[in-house]
Amino acid sequence: MLLCAAALLLGVFHYFTGEDAVFPWDKITDLQVVPMPVNEVTRLLEPFTLSADGYLLFEQYDVAMAEVQSWAAYVLLGILGVCIAFYTAAISTMRQLPYFGGMLLLMLFLATFNFDLLEIFGGGSSQTVLLLSIALLAIGSYAFQAFLQNTSFGLRVLAMLGIVAVLGLLLYSEADFPADLITLHLVNYSSIGLLVATVLFILWVSYENVNALLWINTQASKPERRFSMWQFILITCLYLLSLLLIYLRHVGWLRADIIYINAYLILLLSTVAGFWGMRQREKVYGKLFAFRPAGAVLYLVFATITFLSIGYAYATANDSLTNLFDNLVVYSHLAFGFGFFLYVMINFGRLLEQRLQVYKVVYEPQKFSLFSFFIFSAAICAIMVMRTQYRVYLHAQAGYYSYLGDLYRASGNNILAKPYYEQSDVYDINNVKANYSLAAIYRQEQERNNEVLRMKDALEKRPNPKLYVRLANLYDEKQFFFEKLYVLQQGAERFPESSEIYNNLALLYAQTSVQDSTEYYFNLAQEFAGNGDFVRSNRLAYYTRQAMLEPAKAVLEESLKGKYKALRSNQAVLRQLLGLDPQDKEDFMPDSLEAVEDFTLFYNQTISRLNKGDTTRLEPISRYLNSPGNQIFFSDLYFLKGLVHHYNGLPQEGRNTVENLALQMEAQSGYYYNALGQWMLEEENYRAAAAYFKQAKDRGYTQAFLSEGYALALANQTNAAVAALEEVGYTQNEDAIAVAGELATLLQQDVQTVLQSAPDKAKVQYLLAKLPGLTAEQVAQLVNAVQEKELKRRALIAQVDYLLDKQRWKTALDAITKASEQLKPEGELRSALNLQQLRLWLYTDNYDALLNRLDKLYLTDRDKRHALYFKARIAEAKGRQEEAATRYEQALKMLIYDEQTVLAAAEFFKKYKPDDETAYNILLRGVTYNPHAAGLYKAYALESLDQGLFTYADQAAETLRGLLPASEYATFIEKLEQKRQQVEARAEDWQL
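Calculation notes
- Residue positions are given per chain, counted from 1 along the sequence in the order it is written.
- Since the coordinates come from a predicted model, pLDDT governs what is reported: local features require at least 70, and pairs of side-chain atoms require 80 or more to be given and counted, while whole-chain, interface and lining totals use all residues.
- Based on all heavy atoms of the structure, the side-chain values leave hydrogens and waters out of the count.
- A pair of aromatic rings is counted whenever rings of Phe, Tyr or Trp (Trp by its six-membered ring) have centres within 6.5 Å, and the orientation is called stacked for planes under 30 degrees apart, edge-to-face for over 60 and tilted otherwise.
- Every helix listed is a DSSP run of H or I at least four residues long, and every strand listed is a run of E at least two residues long, numbered separately from the N terminus.
- Only protein chains enter the calculation, and the probe is 1.4 Å; a residue is then buried if its accessible area is under 20% of its type maximum, exposed if over 50%, and partly exposed in between.
- In what follows, salt bridge is the name for a side-chain nitrogen of Lys or Arg lying within 4 Å of a carboxyl oxygen of Asp or Glu.
- Comment: axis = line fitted to C-alpha atoms, over the contacting stretch for helices; angle = value between 0 and 180 degrees taken between N-to-C directions.
- With respect to orientation, any angle under 35 degrees is reported as roughly parallel, any angle over 145 as roughly antiparallel, any angle of 65 to 115 as roughly perpendicular, and every other angle as oblique.
- Helix crossings fall into two classes, left-handed where the near helix is turned counterclockwise from the far one by less than a right angle and right-handed where it is turned clockwise.
- Contacts between residues were defined by any pair of non-hydrogen atoms, one from each residue, lying within 4.5 Å.
- A cavity, in this analysis, means grid points on a 1 Å lattice covering only the protein atoms where a 1.4 Å probe fits yet has no way out; a pocket is instead an open set bounded by protein on both sides within 12 Å along at least five of seven lines, and a residue lines either one if it has an atom within 4 Å of a point.
- Grid points are joined across faces, edges and corners, and a volume is the space filled by probe spheres set on the points.
- Every helix has an expected span of 1.5 Å times one less than the residues it contains.
- When we speak of the arc, we mean the arc of directions from the helix axis to the C-beta atoms.
- Patch construction takes residues with relative accessible area above 30% that form no salt bridge. Like charges are linked within 9 Å, and nonpolar side chains (Val, Leu, Ile, Met, Phe, Trp, Tyr) are linked within 5 Å.
- Note on areas: Shrake-Rupley with a 1.4 Å probe; residue coverage comes only from the protein chains shown.
- Should DSSP find at least two bridges between two strands, the strands are taken to pair.

Draft legend 1. Inspection of the packing of aromatic side chains at higher detail. For the structure shown, the criterion picks out 70 aromatic pairs. Considering the side-chain rings of Tyr-207 and Phe-374, the 6.1 Å spacing of their centres and the 75 degrees angle between planes classify their relative orientation as edge-to-face. Of the two residues, Tyr-207 sits in the loop between α7 (191-204) and α8 (208-218) while Phe-374 sits in helix α14 (residues 370-387), which places them 167 residues apart along the sequence. Overall, Tyr-207 belongs to the buried group, its relative accessible area being 2%.

Draft legend 2. Broad picture of unusual backbone geometry. The omega torsion of the bond from Arg-292 to Pro-293 falls at 5 degrees, within 30 degrees of zero and hence cis. Looking at the secondary structure, you find Pro-293 in helix α12 (residues 291-315). Notably, Glu-119 is not glycine yet its phi reads approximately 55 degrees, a positive angle. Tracing the chain through its elements places Glu-119 in the loop between α3 (96-111) and α4 (128-147). By relative accessible area, which is 49% here, Glu-119 ends up partly exposed. Look at Asn-430: it is not a glycine, yet its phi comes out positive at around 65 degrees. Within the fold, Asn-430 resides in the loop between α16 (414-427) and α17 (432-444).

Draft legend 3. Region of interest: the pattern of salt bridges. Applying the stated rule across the entire model yields 44 salt bridges. The residue Glu-659 makes a salt bridge to Arg-655 at a minimum N-O spacing of 3.4 Å. Residue Glu-659 and its partner Arg-655 are located together in helix α29 (residues 651-664), separated by 4 residues, close to a single helical turn. By relative accessible area, Arg-655 is classed as buried at 8%. Across the pair Arg-880 and Glu-883 runs a salt bridge, and its minimum N-O distance is 2.6 Å. By relative accessible area, which is 29% here, Glu-883 ends up partly exposed. One network of salt bridges, with partners in common, ties together Asp-62, Arg-443, Glu-451 and Arg-470.

Draft legend 4. View of the packing of helix α1 (residues 2-22) against helix α2 (residues 70-91). One way to put it is that α1 packs onto α2 with a least axis distance of 11 Å and a crossing angle of 160 degrees. Judged on the interaxial angle alone, α2 and α1 are roughly antiparallel. Judged by the sense of rotation from one axis to the other, the crossing of α1 with α2 is left-handed. For the pair α1 and α2, the contacting residues are Leu-3, Leu-10, Phe-13 and His-14 in the first and Trp-71, Ala-72, Val-75, Ile-79, Val-82 and Cys-83 in the second.

Draft legend 5. Focus on the layout of surface pockets. What the second largest pocket holds in volume is close to 1600 Å³. Around the second largest pocket, the lining is made up of 43 residues, and of these Asp-319, Asn-323, Lys-461, Arg-462 and Pro-463 lie nearest the centre. A total of 6 residues in the lining of the second largest pocket trace back to one element, the largest contributor, which is α1.

Draft legend 6. Region of interest: α16. Taking 1.5 Å as the rise per residue, α16 with 14 residues should run 20 Å; its terminal C-alpha atoms sit 20 Å apart, in good agreement. Listed in full, the buried residues belonging to α16 are Asn-414, Ala-417, Lys-418, Tyr-421, Ser-424 and Asp-425. Projection of α16 onto a plane perpendicular to its axis shows the buried side chains occupying an angular sector of 125 degrees, all on one side. Away from the buried face of α16 by more than 90 degrees, exposed residues Ile-415 and Val-426 are located. On the buried face of α16, the contacting elements are α15 (391-410), α17 and α18 (448-461).

Draft legend 7. Representation of a nonpolar patch on the surface. Together, Leu-234, Ile-235, Leu-238, Leu-241 and Leu-244 give the surface a local cluster of nonpolar side chains, amounting to about 420 Å² of exposed area. In this fold, Leu-241 is placed in helix α9 (residues 229-250).

Draft legend 8. Main features of the pairing of strand β2 (residues 46-63). Of all 18 residues in β2, 14 are buried; the element is thus mostly enclosed. Pairing of strand β1 (residues 25-43) with β2 involves 18 bridges; the strand directions are antiparallel. Counted as the bridge partner of Arg-43 is Glu-46 from β2. Connecting β1 to the next strand, β2, in antiparallel fashion are 2 residues, including Leu-44 with a positive phi near 55 degrees.

Here is the structure:
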């Protein structure tokens, strides 16, 4: 009974989940790129934004290829083996004649397994395994039936289970096939035997519901509490009328939209009632075998097989068989229920009228015999089958051939699978199982036209939303837009609550300019969605792509707690575009990037969390890059690695990474060189920025044309800047050309002209571009001439830089005080001013003020890196050499582009560690990563002489020729020669 209940529960489970398991919903992911800002820096009052590819995920529903459910076959075969053991044990308790009848049925059932095809003992048509199975089971059961009659039933079952286990071990150990195929072979071939057993059981219990109604009406102990004959007639007629309505719907005579009783619920009720009825009928079959244990066990074995057979049909989405079982339950219960009703009324009508306990004598007829009842009911059932053109027989054949098709498709033999599916389609034209399975084979073979034809055939008979979605997705090219639209609209009309169809319709309209229809179908999809986050993700992506900020913000707010990966990925993109902090607190770092949404979520989330000093994502990025399956994401992951390095405190590694990427990805190298130029702008290394922008420009990256002109202007190379700005005309970008023209004109003007006629913005730009070459008076005039408040603040900061560079400490302090009064307490300008204040204390050796205020002054996250440099200088001044060395090493990792930091670190290590090459290596790294810093090259040339590397010193001197004015270069060459002579003199003294 427990085994029967388990089979029933499995059948119920597959009834609700079978189709989703065999034809699971899948998705087609469309990755769309949007420029996502990584960092923005303002130079010469113009914003320069570094953008990376952000990925929006659009997901439309699709249906995966039909899957063969091997695990369901394992469960069925295991329970079936136990049923065979119980069956053989049960018939061994019978008398001789019924025993042989029961053994004959078992032999016929075993023959349906087609053991010979497993080729265990010879190939061809060898029936050795079948004969061996029959012999072992027959001998075992006959021994109990004839010789060991006093053996308990439990021991009989254990013995038969042992025989079944031996047979199973023989099959799985000797057959030269995988276990999955052996299981599918045994189950799918024996399905015809299971079907016969199921039909017999359904007929067996087909009248039991009427019998149960009779018991309900007549079981009370007192006559006055029993129901009358008319009440029995009424309730039975209502039951039979419900069955008749289902039958009329099956034959197409009734199409009313009413609630019908589920056929399987009827079967379940009759099964429960039948167990009680089986005991009640013991007086009929008692001469052949007793109810306990044979009758009860046989009943439960057949009930279990029935539930297994029906459940397996649903587990494999075999719609031919599920329709067969549905029809058969209705036909049999209607025919036999009506026959039993007549049997009761003819034999016991008067007793019912007298309110007697008729259920006790219902199997003791006086007029209309049980045999007559069975013959009459069977005739009615046969007429119903014939009236439906033998549909149940045709469906049985179709279902069987679909099972065989599954077997051969699971083995990878599509050549044999096709004929079986096609034969199934012949018996049950346009059945979904066969046609969708054929469509899956054609999908594997990339025969699109054949797949379309099979999908259309499947839609003819038993349509469902998945078929419409899959067929529509086959029209995926632009020229088939209206075909796809027509199929989806047909599906929406047929299934008005299908969120999947509405979602795909919305995405289809999203490819057009018809926003109203897109919004309409998104709303319907959201209304009927089982997975609301799926639809929200698509809506968010659509609104983001269309720059519909208000709807996008509304969906973002609505989906804050969403856990769906694609939704979180799209949220990260939108929040980055809106300048919002990351909302997703959970760090998503999967072990592997198995799905596209894994990559996009990790990628988008990583970009949104730059500038946080977090380098923990470098390890998973390296792991992903080493995985062969992620080659499609190689350039994105490699660039992401560079971004994490650069914006989280490892600029050297970031530059190395992106330069290597530019060399490997020639087609996109312009973009990567432009990114490097952007980084140099951020670090205020304008000559290096201009050089990178030049490389990007030479590779056709149009945005670099204007950037190069600005970088050269900031590097105080006016003539080169004007020439570069004139080349912006080649981009044919009107806005960029206009901006470049204005700046080129400004750079060629003198100070007086700018003071007299230029607007405030131009005055500040001129001040920033010409700052080192201006006099203090000209700087002051330009600063005082600026009236607009925000521009005035920037001018004051520039003036402080000028005074610090000219070492005018007192005047610089006054300028800092003046600027401080006009700046906000926080922000980029306040941070810049506080850095200037810290530098002033450092230059004037005011280490106490520097130490006391260092951690109290406001600095942006990026400017906080400079605290390491200041702490190193403080430790050096206080004589804490070990601390200073550690601080310098930390500062160099983050500030390798900062000339002051590199020079100070080199000077420190040269002073305190003169015997090693630390200072030389620091300067070498400095000129490597900042090749346009004249101060670093000077120090490097001199240190190369100290190390005896004269060739390197000469190379550095040659480089300096292009970095210094002629007069300054001549002065340095004299100093270099003096240093060379000193080094040579020391060498001679050492040799002596």
